[in-house]
Amino acid sequence: MKKVFLLAFLILIGSSLYSQPLPPIPIYPPGDTCVNVQNIHFNWHPSVGATSYRIRVGGGPTYIIDSSGIVDTFFIPPVGIFNTMTSYYWTLKAYGPGGESQWTPYWHFTTCPGIPGPPTL
């Protein structure tokens, strides 16, 4: 009886070590908010079993960011790729020894109007 229990326990532990990770949970930018183009960054809660992440950000039918191999729970995009007063969508997925998670549902944010330049006299 003890051997059967031990075998079942080892199988359970082994299968959970290599199970597919859960999708990460997005944090920032929060859904349906206005974000300054000078302060755009992405954060998410870690996914159990994840060793890396992939992020996709788009403003239409194509992605302006499609980056994988991210080992942290944040991503800082290159400066200057976002336009002001534009809607963007982002999604994430996690990768681990047991495979990859599903993509998260898309989160939406809009970039705020830019700071006006000095008045012309």
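Everything discussed here concerns the structure shown above.
Residues numbered from 1 in each chain as written. Predicted model: local features only at pLDDT ≥ 70, side-chain atom pairs only at ≥ 80, totals over all residues. Heavy atoms only, no water.

Colleague: I'm lost on the overall build of the protein chain in this one. Help?
Modeller: Looking only at helices and strands, one finds 1 helix and 9 strands in the protein chain. Along the protein chain, helices and strands appear, N-terminal first, in the series α-β-β-β-β-β-β-β-β-β. In the protein chain, which comprises 121 residues, the proportion classed as buried is 28%. The contacts of the protein chain with a sequence gap of at least 6 include a subset with a gap of at least 24, amounting to 62%. Here the protein chain displays about 8,000 Å² of accessible surface, and carbon together with sulfur accounts for 65% of that area. (Helix = DSSP H or I, 4+ residues; strand = E, 2+ residues; numbered from the N terminus. Buried < 20%, exposed > 50% of the residue type's maximum accessible area, 1.4 Å probe, protein only. Contact = heavy atoms within 4.5 Å. Areas by Shrake-Rupley, 256 points an atom, 1.4 Å probe, with all protein chains shown as cover.)

Colleague: What am I meant to see in the sheet that holds strand 6 (residues 74-75) here?
Modeller: The strands making up a sheet associate through hydrogen bonds between their backbones, and the pairing can be parallel or antiparallel. Sheet architecture is open: 3 strands sit in the order 1-3-6, paired in antiparallel fashion. Looking at the sheet topology across the chains shown, the edges are occupied by strand 1 (25-28) and strand 6. Bridge count for strand 1 against strand 3 (residues 42-45) is 3 bridges, and the pairing is antiparallel. Following the sheet pairing, I25 is matched in strand 3 by H45. (Pairing = 2+ DSSP bridges.)

Colleague: Before we go on, may I ask you to explain unusual backbone geometry in this structure?
Modeller: Among all residues except glycine, the phi angle is most often negative; among peptide bonds, the trans geometry is most common. The residue after Y28, namely P29, is reached through a cis peptide bond having omega 0°. Even without glycine at this site, D32 takes up a positive phi of about 55°. Along the chain, the position of D32 falls in the loop between strand 1 and strand 2 (33-35). Since its relative accessible area comes to 65%, D32 is described here as exposed. In this model, M85 sits at a positive phi of 50°, which is unusual for a non-glycine residue.

Colleague: For this particular structure, what's the right way to read the layout of surface pockets?
Modeller: The probe, sized like a water molecule, is rolled over the atoms to show the empty space still left. Roughly 170 Å³ of internal volume is contained in the largest pocket. Every residue lining the largest pocket is listed: V37, Q38, N39, I40, I76, P77, P78, V79, G80, I81 and F82. Taken together, the residues of the lining of the largest pocket break down into 8 nonpolar, 3 polar and no charged. (1 Å grid on protein atoms, 1.4 Å probe; cavity = no way out; pocket = protein on both sides within 12 Å on 5 of 7 lines; lining within 4 Å. Points joined across faces, edges and corners; volume = space filled by probe spheres on them. Nonpolar A, V, L, I, M, F, W, Y, C, P; charged D, E, K, R; others polar.)

Colleague: Sorry if this is basic, but what is going on with the nonpolar core here?
Modeller: Looking at soluble globular proteins, one finds that nonpolar side chains tend to be buried together. In this structure, F42, W44, I55, V57, F82, W90 and F109 are the most contacted members of the largest nonpolar core, which totals 16 residues. Of all elements in the fold, only strand 3, strand 4 (52-58), strand 5 (63-70) and strand 7 (87-96) reach the threshold of two or more residues within this core. Top element by residues in this core is strand 7. It accounts for 4 residues. The residues contacting V57, other than those within four sequence positions of it, are F42, Y63, I64, I65, F82, Y88, Y89 and W90. (Core = buried A, V, L, I, M, F, W, Y, C linked by side-chain atoms within 4.5 Å.)

Colleague: So what exactly am I meant to see when it comes to the packing of aromatic side chains here?
Modeller: Geometrically, a pair of aromatic rings is defined through the distance of the ring centres and the angle of the planes. What the rule picks out here adds up to 8 aromatic pairs. Residues F42 and F109 carry aromatic rings whose centres are separated by 5.9 Å and whose planes lie at 65° to one another, so their mutual orientation is edge-to-face. Highlighted residues: F42 in strand 3 and F109 in strand 9 (residues 107-111), separated in sequence by 67 residues. Owing to a relative accessible area of 0%, F109 belongs among the buried residues under this scheme. Look at F82 and Y88: their rings are 4.9 Å apart centre to centre, the planes differ by 85°, and that puts the pair in the edge-to-face class. Assessed through its relative accessible area of 10%, F82 is described here as buried. (Phe/Tyr/Trp six-rings, centres within 6.5 Å; stacked < 30°, edge-to-face > 60°.)

Just distances and angles here, no functional claims.
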